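Working through the structure, step by step
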Amino acid sequence: MDDKVIKTANKEAAQVLEWGESRGIETCFSRAEKLKSCPIGESGACCKVCHMGPCRLVGKNAEEEVHGICGASLPVIAARNLARMVAAGTACHGDHGRDMVFTLLAVANGETKDFQIKDVKKLYKVAGILGIEFEGRPVNDAAKDVALRFLEDFGRQRGEVNYIKRAPKKTQERWKKFGIIPRGVDREIAEVLDRTTMGMDADADSILTHALRAALANGWGGSMISTDITDILFGTPGPVKAEASLGIFKDDEVNLVIHGHEPTLAEMIVDVVYEPEMIAYAKSKGAKGINLGGMCCTANEVMMRHGIPTAGGFTNQELGIMTGLIEAMVVDVQCIMPALAQLSKKFHTKVITTSEKVKIPGATHVQFDEHRAKEIAREIVRTAIDNFPNRKTEGSHITEKFPVIAGFSQEYIEYMQGGRWRASFRPLNDAIMAGRIRGVVGLAGCDNPRVPATGIHKFLATELIKNDVLVVSTGCSSASCGTAGFLTPEMALEHAGPGLREVCVAIGIPPILHLGACVDNTRILTIASAMAEEGGLSDEIGGMPAVGIAPEFITEKAISIGCYFAASGVPVIFGGESPVGASKEVTKIMTEVWFERFMGALHFEPDPEKILAMALNYIDKAREALKLRKYEPGKFGAERVLMDMAARRILEKAAAPHAGVGGINEAGS
Ligand code: SF4
Ligand code: SF4
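Residues numbered from 1 in each chain as written. Chains lettered and ligands numbered in written order. Predicted model: local features only at pLDDT ≥ 70, side-chain atom pairs only at ≥ 80, totals over all residues. Heavy atoms only, no water.

1. Quick notes on the overall build of the protein chain
Counting its secondary structure elements, the protein chain contains 29 helices and 15 strands. Here the C-alpha radius of gyration of the protein chain, 24 Å, is about what a compact globule of 669 residues would show, namely 26 Å. Projected onto its principal axes, the C-alpha coordinates of the protein chain cover approximately 70 × 65 × 60 Å. With 669 residues in all, the protein chain has 63% of them scored as buried. A separation threshold of at least 6 residues defines the contact pool for the protein chain, and within that pool the share at least 24 residues apart is 76%. (Helix = DSSP H or I, 4+ residues; strand = E, 2+ residues; numbered from the N terminus. Rg over C-alpha atoms; globule rule 2.2 N^0.38 Å. Buried < 20%, exposed > 50% of the residue type's maximum accessible area, 1.4 Å probe, protein only. Contact = heavy atoms within 4.5 Å.)

So this is what it looks like as structure tokens:
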């Protein structure tokens, strides 16, 4: 038996990793092996919010009998820790949204000539929701009003975040009843920090209720604003072909990677790499051209709109450098490993930081400024080109890559179901009501080096579609599926259950729809709201046969996302150990109590098979409560076997949750 530890379930990543390990190169995988996580902190039982502590509440009956020096109980400490994670996650997405608002404002004021409003229709849609007059007005005037109205959502002290009104009435009523309608993004973040300092709120339920308010400020505030402005400025996505893998880099071209989350600089770089002068400059340095690729969510943004290929998600960032083929890795914000700068010294890669908020010793800093966006993009691209002659021969060159179909915005999903004149969610609702589609799962969040990275995404994606569950994916879940070759219509033919396959073939879509970056999880909220409005299922987001899963979550942002989905009425299951696992009371509040109040929940479950069973159970229970036809596997469509031998081998092998279907178990066994 091969007892090799599987660190990543992505075959190409495993290949690069093995190459690096044989040369003693450190990565997040080797650091995860060395650094065991502290079980006290991991389960939420440690408090360090004041200097009488840190207080670690452990031992028998700790929940009832052990207290911090100030007297705080374990449920209070666990709830405070979780609430602070929500606040940090909301701050990240909030700042992202705010930066997008400032870019829109700069465009509207004519302060930047490099960005334009590409999707006027979307601007008008948003203006309509906000109650801003747009007919007969210059586009930039309407855009300015939209930007200023959104800006109020960050600093508002009283009242409601604008987009709350986009949720179904019943969902809003639940929020009103429990006092969690957010006032302003910054307001709710500040209150979490205030409430959770020493000597403040000592009621776990009260702390967690406010955490939900701060999370809603992310989902229906910061993130949703970000998605909409990105669509307005750079275009609402529609289906686009791309590629995914560490194999996207080219031996004979300048390889430039854009990594992080924000689309503004990335959009400029996309423009600049196609400029004939820039291509000529690359040729003058001995390259055949310029090859742009992405990483993490910046990749998702430019893939959704331009088909720029992705080299993968979070755990692939160091491995990308280890291919030895990247001239420059340009990073903006979030999920940038500080380790990149040191690692890059072993190769010729230049790591270029571009945000005032993200500086890394050892990296080159080129400050982004939207007022000089193209000029800065050109400087960066030239830096990458100048570095091409320094490329050394070492590195782990990968060639395999996979086709991807991305670009599924809410607008496109509506359009694909009825065309320009009859766009609606009727066909999807009907397919769910009939049981052709059993339910919908949002598969989201990070890939994690503490599990065989990407493996649980791959396992769940495959098993869910096999069970006639339509999957919508975002963030590094999309990268995990993309780098496994799962984001294609062929996936429906070969792996989806017969009912789901029938729907996918009729519409011509993959069974896993790539919705975009992490902020674009809000597309799921607006899709669910549209489905509720369409009728035939639940008349609120809660009660839909739908579940959210983040099987390899890492970040505070993911916790904030999980909480805004739970508060909006979606049962959510996170993989890995629970950050509130030390407290039974907090676990109960986040599952049973939240379900009673909002029809959503946030579970933590490390066993991938149990995640799958829980998700299907939630879906079936929701179907039953809605009195929909009982789901019968195989009732619809005819089994068609179109698999080649390689695909057949993957299916015939028992699904291996810890390595993913077709993961490196395949190679290693
Ligand atoms: S706030 Fe209380 S529980 Fe937390 S560190 Fe201070 S004394 Fe300990
Ligand atoms: S999914 Fe997680 S790791 Fe990936 S970009 Fe988003 S927050 Fe970062």
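2. Some remarks on the environment of Met200
Mapped onto the elements of the fold, Met200 is located in the loop between α9 (185–195) and α10 (204–234). On a C-alpha basis, the gap between Met200 and Ala72 in space is 9.9 Å, while along the polypeptide they are 128 residues apart. Excluding residues within four positions of it along the chain, Met200 makes contact with Asp194 and Arg195.

3. Structural notes on the domain arrangement of the protein chain
When cut into domains, the protein chain gives domain 1 (11–56), domain 2 (74–234), domain 3 (246–390) and domain 4 (439–629 + 639–655). Computed from C-alpha atoms alone, the centre-to-centre distance between domain 1 and domain 3 is 27 Å. At the junction of the two partners, domain 1 supplies 12 residues and domain 3 supplies 12 residues. With both chains or domains summed, domain 1 and domain 3 bury close to 910 Å², and 81% of this area falls on carbon and sulfur atoms. If you sort the residues of domain 1 by the area they bury against domain 3, Val16, Ile25 and Cys28 come out on top, with a joint share of 42%. For Arg31, the salt bridge identified is with Glu318, shortest N-O distance 2.7 Å. Here domain 1 and domain 3 share 2 residue pairs in polar contact (both at pLDDT 80 or more) between them. At the level of elements, α1 (11–21) and α2 (28–34) are the ones that each hand at least two residues to the side of domain 1 that touches domain 3. (Domains from an automatic or database assignment. Buried area = accessible area lost by both parts, 1.4 Å probe. Salt bridge = Lys/Arg side-chain N within 4 Å of Asp/Glu carboxyl O. Polar contact = N/O pair within 3.5 Å; in protein donor to acceptor, adjacent residues only side chain to side chain.)

4. With respect to the site of ligand 2
Taken together, the neighbourhood of ligand 2 is formed by His261, Cys296, Cys297, Phe314, Cys335, Gly445, Cys446, Cys476, Cys518, Thr555 and Lys557. Of the residues that constitute the shell around ligand 2, the class distribution is 7 nonpolar, 3 polar and 1 charged. Two domains each put at least three residues into the shell around ligand 2: domain 3 (246–390) and domain 4 (439–629 + 639–655). (Near = heavy atom within 4 Å. Nonpolar A, V, L, I, M, F, W, Y, C, P; charged D, E, K, R; others polar.)

5. Brief notes about the site of ligand 1
Taken together, Cys47, Val49, Cys50, Met52, Gly53, Cys55, Gly68, Ile69, Cys70, Ile77, Arg80 and Met198 make up all the residues around ligand 1. Of all the cavities here, the one that holds ligand 1 is the second largest cavity. Of the residues that constitute the shell around ligand 1, the class distribution is 9 nonpolar, 2 polar and 1 charged. Shared between two domains, the shell around ligand 1 takes at least three residues from each, and those domains are domain 1 (11–56) and domain 2 (74–234). (1 Å grid on protein atoms, 1.4 Å probe; cavity = no way out; pocket = protein on both sides within 12 Å on 5 of 7 lines; lining within 4 Å. Sits in = over half its atoms within 2 Å of the grid points.)

6. Considering the pattern of salt bridges
Following the criterion strictly, the structure yields 46 salt bridges and no others. As a salt-bridge pair, Asp99 and Lys357 come within 3.3 Å of each other at their nearest N and O atoms. Placement of Asp99 in helix α5 (residues 74–108) and of Lys357 in the loop between β7 (350–353) and β8 (364–365) is noted, with a sequence separation of 258 residues between them. Here Asp99 falls in the partly exposed class, since its relative accessible area comes to 24%. The salt bridge involving Asp430 is made with Arg426; its shortest N-O contact spans 3.0 Å. In this pair, Asp430 and Arg426 are both assigned in helix α19 (residues 426–434), 4 residues apart and thus about one turn of the helix distant. According to the relative accessible area criterion, Arg426 is partly exposed, its value standing at 26%.

7. Remarks on the packing of α10 against helix α26 (residues 584–598)
The interhelical angle for the contact between α10 and α26, taken along N-to-C directions, is 60°, at an axis separation of 11 Å. Judged by the inter-axis angle, α10 sits oblique to α26. When the axes of α10 and α26 are compared, the crossing they make is right-handed. Residues Ala204, Asp205, Leu208, Thr209 and Leu212 of α10 form the contact with α26, whose own contacting residues are Glu585, Val586, Ile589, Met590, Trp594, Arg597 and Phe598. Among the residues forming the contact of α10 with α26, the class breakdown is 8 nonpolar, 1 polar and 3 charged. (Axes fitted to C-alpha atoms, helices over the stretch in contact; angles between N-to-C directions. Parallel < 35°, antiparallel > 145°, perpendicular 65-115°, else oblique. Left-handed = near helix turned anticlockwise from the far one by under 90°.)

8. A few points about a nonpolar patch on the surface
Taken together, the side chains of Met52, Ile69 and Met198 define a hydrophobic patch exposed on the protein surface, amounting to about 290 Å² of accessible area. Secondary-structure assignment places Ile69 in the loop between α4 (62–65) and α5. (Patch = residues over 30% accessible without salt bridge, like charges linked within 9 Å, V, L, I, M, F, W, Y side chains within 5 Å. Areas by Shrake-Rupley, 256 points an atom, 1.4 Å probe, with all protein chains shown as cover.)

9. Comments concerning the side chain of Arg183
Within the secondary structure layout, Arg183 lies in the loop between α8 (169–177) and α9. With a relative accessible area of 12%, Arg183 lands in the buried category. Aside from chain neighbours lying at most four places away, what touches Arg183 is Asp153, Arg156, Gln157, Arg158, Gly159, Glu160, Val161, Glu188, Glu191, His210 and Arg213.

10. Considering the nonpolar core
Counting 184 residues, the largest nonpolar core has Trp175, Ile269 and Trp594 as its most contacted members. Each residue touching Ile269, except ones within four places of it in the same chain, is listed here: Leu256, Ile258, Leu292, Val330, Ala377, Ile380 and Val381. By size, the runner-up hydrophobic cluster in this structure holds 36 residues, among which are Leu17, Phe249, Met329 and Ala453. (Core = buried A, V, L, I, M, F, W, Y, C linked by side-chain atoms within 4.5 Å.)

11. Focus: the pairing of β7
Remember that side chains alternate between the two faces of the sheet whenever the strand is regular. Two strands pair when backbone bridges link them, and strand β6 (residues 326–331) and β7 are joined in this way by 4 bridges, in the parallel orientation. Bridging across to β7, Ala328 finds its partner in Lys350. As defined by bridge partners, β7 adjoins β8 across 2 bridges and the pair is classed as parallel. Within β8, the residue paired with Thr353 across the bridge is His365. (Pairing = 2+ DSSP bridges.)

12. Looking at α8
Among the residues making up α8, those that are buried are Thr171, Gln172 and Trp175. Looking straight down α8, one finds its buried side chains confined to an arc of 100°; they lie on one side. Facing away from the buried side of α8, by more than 90 degrees, are the exposed residues Lys169, Lys176 and Lys177. Turning to α8, the residues buried within the fold contact α10, α25 (556–568) and α26. The first or second residue beyond α8 is Gly179, which carries a positive phi of 65°. (Arc of directions from axis to C-beta.)

13. Quick notes on the pairing of strand β14 (residues 571–574)
Here β14 shows a buried face lined by Pro571 and Ile573 and a second buried face lined by Val572 and Phe574. Pairing analysis gives 3 bridges linking strand β13 (residues 546–550) to β14, with the strands arranged parallel. Residue pairing for β14: Ile549 is matched across the bridge by Ile573. By the bridge criterion, 4 bridges tie β14 to strand β15 (residues 601–604) in an arrangement that is parallel.

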